[in-house]
Amino acid sequence: MTMTSPIKAPELGRPSTPHRATRRPSRFRPGAGKQLQGGPFAYIALTVVGIGSLLPLYWTLVAASHTQDEVLATTPPFLPGGRLLHNLDAAWNQAHLGKAIVNSVIVSSCITAATLFFCTLAGYAFAKMRFTGRGALMTGVIATLTIPPQLSVVPLFMMMSDIGWGGKLESVIFPTLVSAFGVFFMRQYLTEALPYELIEAAKIDGANNFRIVRSVVLPVARPAMMVLGMLTFVQAWNDFFWPYLALNQQNPTLQVALGQLSASYTPDQSIVMAGALISTLPLLVVFVIFGKQIVGGIMSGAVKG
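Residues numbered from 1 in each chain as written. Predicted model: local features only at pLDDT ≥ 70, side-chain atom pairs only at ≥ 80, totals over all residues. Heavy atoms only, no water.

**Section: the overall build of the protein**
Point 1. Along the protein, the regular secondary structure elements total 13 helices and 0 strands.
Point 2. Counting helices and strands in the order they occur from the N terminus, the protein gives α-α-α-α-α-α-α-α-α-α-α-α-α.
Point 3. Here the protein holds 305 residues, and 30% of them are scored as buried.
Point 4. Restricting the contact set of the protein to residue pairs at least 6 apart, pairs at least 24 apart contribute 72%.
Point 5. Surface summary for the protein: the accessible area is close to 20800 Å², and the carbon and sulfur share equals 66%. (Helix = DSSP H or I, 4+ residues; strand = E, 2+ residues; numbered from the N terminus. Buried < 20%, exposed > 50% of the residue type's maximum accessible area, 1.4 Å probe, protein only. Contact = heavy atoms within 4.5 Å. Areas by Shrake-Rupley, 256 points an atom, 1.4 Å probe, with all protein chains shown as cover.)

Below you can see the structure in the form of structure tokens.
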């Protein structure tokens, strides 16, 4: 005799309803994703910041277009004058800025290219590779940021003299081919932006380390490289202390030449300002050309996808 389990009748008064999954509360607030509208205070703040940023450049233009007496008068001029071309020509010829600009372009370009190459490779290694002593090496790299650069001037100057690079551009380029800040910056960016799945997929397809860096790492790291390249180029272009010690008056960079322009007993401030204006123009051209990519790189680093 087989026993059958009794069938439980549905309870009266409780209609059967399909099971509904528990709905998770949305983590987005109403209106999320909409473009924020700036109020009057935002426009006032942006106007003040913009004027404050452009005011030094505008004053350089005004001072470079007047005579020294007009610049140093009790009531200085507030509008550009008519001596801009004359002062630019005087600054160009007195400081030999043609050669200085060529030297600055060579130095800044070499330092920027080498920094991007080495710092990207080192940042990728510290971010995604597993090897013995990785943490200790990264700590050592960060620790070098705490050492004042003035402490290394004397041994570095002696080293460059022993090599035979005294007064040459090599003495300015080679000590700054790698930046500890650049390694740390690229490491932090690639840690978040480069997933391990892309690297593993490339390895499954048979790609070696060189192919992975070329086809996977560099496209992902391009926004951060644009930002690091701009910062490195500006720093190398405006560097004065070490080039002033390592180079001579016959082979200066632009900032060293401008220092010689204002080193006389009674320097003409209008001509000095004209030279400063010449040194600023290449940076403005670089930012105008690469400004969109640089801003895009900064924004992509600020938003986590």
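Continuing now.
**Quick notes on the packing of aromatic side chains**
Point 1. Evaluated as defined, the whole model comprises 6 aromatic pairs.
Point 2. Judged by centre distance (5.2 Å) and plane angle (75°), the ring pair of Phe117 and Phe118 falls under edge-to-face.
Point 3. Look at Phe126 and Phe131: their rings are 6.1 Å apart centre to centre, the planes differ by 50°, and that puts the pair in the tilted class.
Point 4. On the accessibility criterion, Phe131 (34% relative accessible area) is partly exposed.
Point 5. A cation over a ring is seen here: Lys128 above Tyr196, with NZ or CZ 4.2 Å from the ring centre. (Phe/Tyr/Trp six-rings, centres within 6.5 Å; stacked < 30°, edge-to-face > 60°. Lys NZ or Arg CZ within 6 Å of the ring centre and 35° of its normal.)

**Re the nonpolar core**
Point 1. Judged by nonpolar contacts, the single largest core of 22 residues is most densely connected at Tyr124, Met186, Leu190, Leu194, Ile212 and Val217.
Point 2. Listed by contribution, the elements that provide at least two residues to this core are helix H4 (97-128), helix H8 (180-193), helix H9 (196-204) and helix H10 (209-238).
Point 3. Counting residues per element, this core draws most heavily on H10, which supplies 9 residues.
Point 4. Not counting residues up to four positions away in its chain, the partners in contact with Met186 are Cys119, Thr120, Gly123, Ala221, Ala224, Met225 and Leu228. (Core = buried A, V, L, I, M, F, W, Y, C linked by side-chain atoms within 4.5 Å.)

**What about the layout of surface pockets?**
If a probe as big as a water molecule is rolled over the atoms, it shows which places are left empty.
Point 1. Considered as a void within the structure, the largest pocket measures approximately 1000 Å³ in volume.
Point 2. Forming the boundary of the largest pocket are 29 residues, of which Pro149, Pro175, Thr176, Val178 and Gln235 lie nearest the centre.
Point 3. Mapped by element, the contributors of at least two residues to the lining of the largest pocket are H4, helix H6 (153-163), H8, H10 and helix H11 (241-246).
Point 4. The biggest single contributor to the lining of the largest pocket is H10, with 5 residues.
Point 5. Classifying every residue of the lining of the largest pocket by side-chain character gives 19 nonpolar, 9 polar and 1 charged. (1 Å grid on protein atoms, 1.4 Å probe; cavity = no way out; pocket = protein on both sides within 12 Å on 5 of 7 lines; lining within 4 Å. Points joined across faces, edges and corners; volume = space filled by probe spheres on them. Nonpolar A, V, L, I, M, F, W, Y, C, P; charged D, E, K, R; others polar.)

**Here we look at the environment of Gln260**
Point 1. Within the secondary structure layout, Gln260 lies in helix H12 (residues 254-261).
Point 2. For Gln260, a relative accessible area of 29% puts it in the partly exposed group.
Point 3. Between the C-alpha atoms of Gln260 and Gln94, which are 166 residues apart in sequence, the distance is 9.4 Å.

**Considerations on the packing of H4 against H10**
Each packed pair of helices is defined by two parameters, the angle between the axes and the distance between the axes.
Point 1. The N-to-C vectors of H4 and H10 enclose an angle of 140°; their axes lie 8 Å apart at closest approach. Taken as axis vectors, H4 and H10 run oblique relative to one another. Like other packed secondary-structure pairs, H4 and H10 cross with a definite hand, here right-handed.
Point 2. A breakdown of the residues in the contact of H4 with H10 according to their chemical character gives 17 nonpolar, 8 polar and no charged. (Axes fitted to C-alpha atoms, helices over the stretch in contact; angles between N-to-C directions. Parallel < 35°, antiparallel > 145°, perpendicular 65-115°, else oblique. Left-handed = near helix turned anticlockwise from the far one by under 90°.)

**Overview of the environment of Thr232**
Point 1. Tracing the sequence through the fold places Thr232 in helix H10.
Point 2. Judged by its relative accessible area of 11%, Thr232 falls in the buried class.
Point 3. In this structure, the C-alpha to C-alpha distance between Thr232 and Ser179, residues 53 residues apart in sequence, is 8.8 Å.
Point 4. Excluding residues that lie within four positions of it along the chain, Thr232 makes contacts with Ile111, Thr112 and Thr115.

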